[in-house]
Amino acid sequence: MFKDFILKTFGLVAQPSQTPIPQNEKNNQDKEEQMFKKYGPKEILFEWTSQGKIQNIKLSPRYTRLFMIIGFVTCLIFALMQDFFIIIVIGTIVFFYYVLHNKYEAPLVSYKISNYGFIYGTRTYYWDELKNFFFSSRSFGEVLVIDTTDSIIPRIIALFSPEDRENIFNILKDRILYLDKEPKGTVEKGLDSLADKFMFEDK
């Protein structure tokens with residue numbers, strides 16, 4: 001007891017009241033208080049659960065042809081150089097990517113839309129952290145895409161059931177900007193420029 005008293009007195013052991021609150025937690029608390037003043041008590045407007053990994057994303061035929069030509073030319077160059085080991089390595093990487101990408105069963109993720117923002121798993125993105133949203137077509141159906149102001153996770157992609165589309169759309173459109181067409185990213189613009197040089201025609 002006396003030892004604990006001495007340590008606490010001289011500041012060698014932090015008092016419970018002196019334990020600092022982590023910065024992220026403090027920011028969330030401040031944000032929750034701001035949201036409460038603006039929107040009142042937190043309310044879940046809609047929620048659903050789906051897989052967190054987007055599987056079997058279908059590339060545009062234009063990009064598929066582009067990658068096939070680049071891959072063929074690359075393998076041809078290494079074959080002429082008689083560097084077959086690199087060709088085997090490339091083939092192995094492609095094989096394992098295909099297996100992991102198509103066979104791995106992803107865990108389920110909970111999605112919620114509240115009057116404060118969009119909740120992805122345990123992370124809350126408040127309305128002022130969201131820029132716009134749109135629906136994007138994939139080979140297996142539509143996905144919800146939300147652009148954020150976060151530099152680490154600039155885009156949220158969520159699977160959903162077709163019957164939930166209208167509810168999701170009606171809630172989000174009154175709070176953040178809706179884009180009726182998927183904008184092209186930097187990578188896609190670069191691929192378009194490269195594909196144009198090969199004089200591909202869209203079909």
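Nothing here was measured: the structure is a model prediction, and the numbers come from that model.

### Here's the deal with the overall build of the chain
Okay, so step 1: Secondary structure assignment for the chain yields six helices and eight strands.
Okay, so step 2: Listed N to C, the secondary structure of the chain is α-α-β-α-α-β-β-β-β-β-β-α-β-α in terms of helices and strands.
Okay, so step 3: Taken across its 203 residues, the chain has 27% of its residues classed as buried.
Okay, so step 4: Contacts in the chain between residues at least 24 apart in sequence constitute 65% of all its contacts with a sequence separation of at least 6.
Okay, so step 5: Of the roughly 14500 Å² of accessible surface on the chain, a fraction of 61% belongs to carbon and sulfur atoms.

### Structural notes on the nonpolar core
Okay, so step 1: Trp48, Phe118, Leu144, Ile146 and Ile168 are the most contacted members of the largest nonpolar core, which has 20 residues in total.
Okay, so step 2: Looking at this core, the elements that each hand over two or more residues are β1 (44-51), β2 (108-114), β5 (130-138), β6 (141-148), β7 (155-159) and α5 (165-173).
Okay, so step 3: Ignoring sequence-local partners within four residues, the contact set of isoleucine 146 consists of Phe118, Leu130, Asn132, Phe133, Pro154, Arg155, Ile156, Leu172 and Ile176.

### Focus: the packing of aromatic side chains
Okay, so step 1: Tallying each qualifying case throughout the model produces 11 aromatic pairs.
Okay, so step 2: With 6.5 Å between their ring centres and 55° between their planes, phenylalanine 135 and tyrosine 178 make a pair best called tilted. Within this pair, whereas phenylalanine 135 is found in strand β5, its partner tyrosine 178 is found in strand β8 (residues 177-178), the two being separated by 43 residues in sequence.
Okay, so step 3: The exposure class assigned to phenylalanine 135 is buried, which follows from its relative accessible area of 11%.
Okay, so step 4: A network of ring pairs unites the aromatic residues Phe46, Trp48, Tyr111, Phe118 and Tyr120 as a single cluster.

### Quick look at α5
Okay, so step 1: For α5, every residue scored as buried is listed here: Ile168, Ile171 and Leu172. Looking straight down α5, one finds that the buried residues subtend no more than 90° of arc, so they occupy a single side.

### Observations concerning the sheet that holds β2
Within a beta sheet, neighbouring strands are joined by backbone hydrogen bonds and run either parallel or antiparallel to one another.
Okay, so step 1: One open sheet accounts for four strands, arranged β1-β2-β3-β4; its pairing is antiparallel. Each of the sheet's edge strands pairs with one partner strand only, and the pair in question is β1 and β4 (123-126). Neighbour-to-neighbour, the strand axes of the sheet open up by a mean angle of 15°, direction not taken into account.
Okay, so step 2: Examined bridge by bridge, strand β3 (residues 117-120) and β4 share four bridges and lie antiparallel to one another. What sits directly across from isoleucine 119, in β4, is threonine 124.

### Quick word on the confidence of the model for the chain
Okay, so step 1: Mean pLDDT for the chain: 74, with 57% of residues reaching 70 or above.
Okay, so step 2: Throughout residues 5-19 the model reports pLDDT below 50, and contacts reaching past four residues in sequence, or to other chains, amount to four contacts.

### Brief notes about the pairing of β3
Okay, so step 1: As defined by bridge partners, β2 adjoins β3 across three bridges and the pair is classed as antiparallel. In the strand pairing of β3, tyrosine 111 is matched with tyrosine 120.
Okay, so step 2: The antiparallel pairing of β2 with β3 creates a hairpin that spans two residues between the two strands.
Okay, so step 3: With antiparallel pairing between neighbouring strands as the criterion, β3 and β4 make up a hairpin whose turn holds two residues, including glycine 121 at a positive phi of roughly 65°.

### Some thoughts on the environment of lysine 131
Okay, so step 1: Its place among the elements puts lysine 131 in strand β5.
Okay, so step 2: The partly exposed category is assigned to lysine 131, whose relative accessible area is 47%.
Okay, so step 3: Once you skip the residues sitting within four places of it in the chain, lysine 131 turns out to touch Asp147, Thr148, Thr149, Ile176 and Leu177.

Definitions and limits used
- Residues numbered from 1 in each chain as written.
- Predicted model: local features only at pLDDT ≥ 70, side-chain atom pairs only at ≥ 80, totals over all residues.
- Heavy atoms only, no water.
- Helix = DSSP H or I, 4+ residues; strand = E, 2+ residues; numbered from the N terminus.
- Buried < 20%, exposed > 50% of the residue type's maximum accessible area, 1.4 Å probe, protein only.
- Contact = heavy atoms within 4.5 Å.
- Areas by Shrake-Rupley, 256 points an atom, 1.4 Å probe, with all protein chains shown as cover.
- Core = buried A, V, L, I, M, F, W, Y, C linked by side-chain atoms within 4.5 Å.
- Phe/Tyr/Trp six-rings, centres within 6.5 Å; stacked < 30°, edge-to-face > 60°.
- Arc of directions from axis to C-beta.
- Pairing = 2+ DSSP bridges.
- Axes fitted to C-alpha atoms, helices over the stretch in contact; angles between N-to-C directions.
- pLDDT = per-residue confidence, 0-100.

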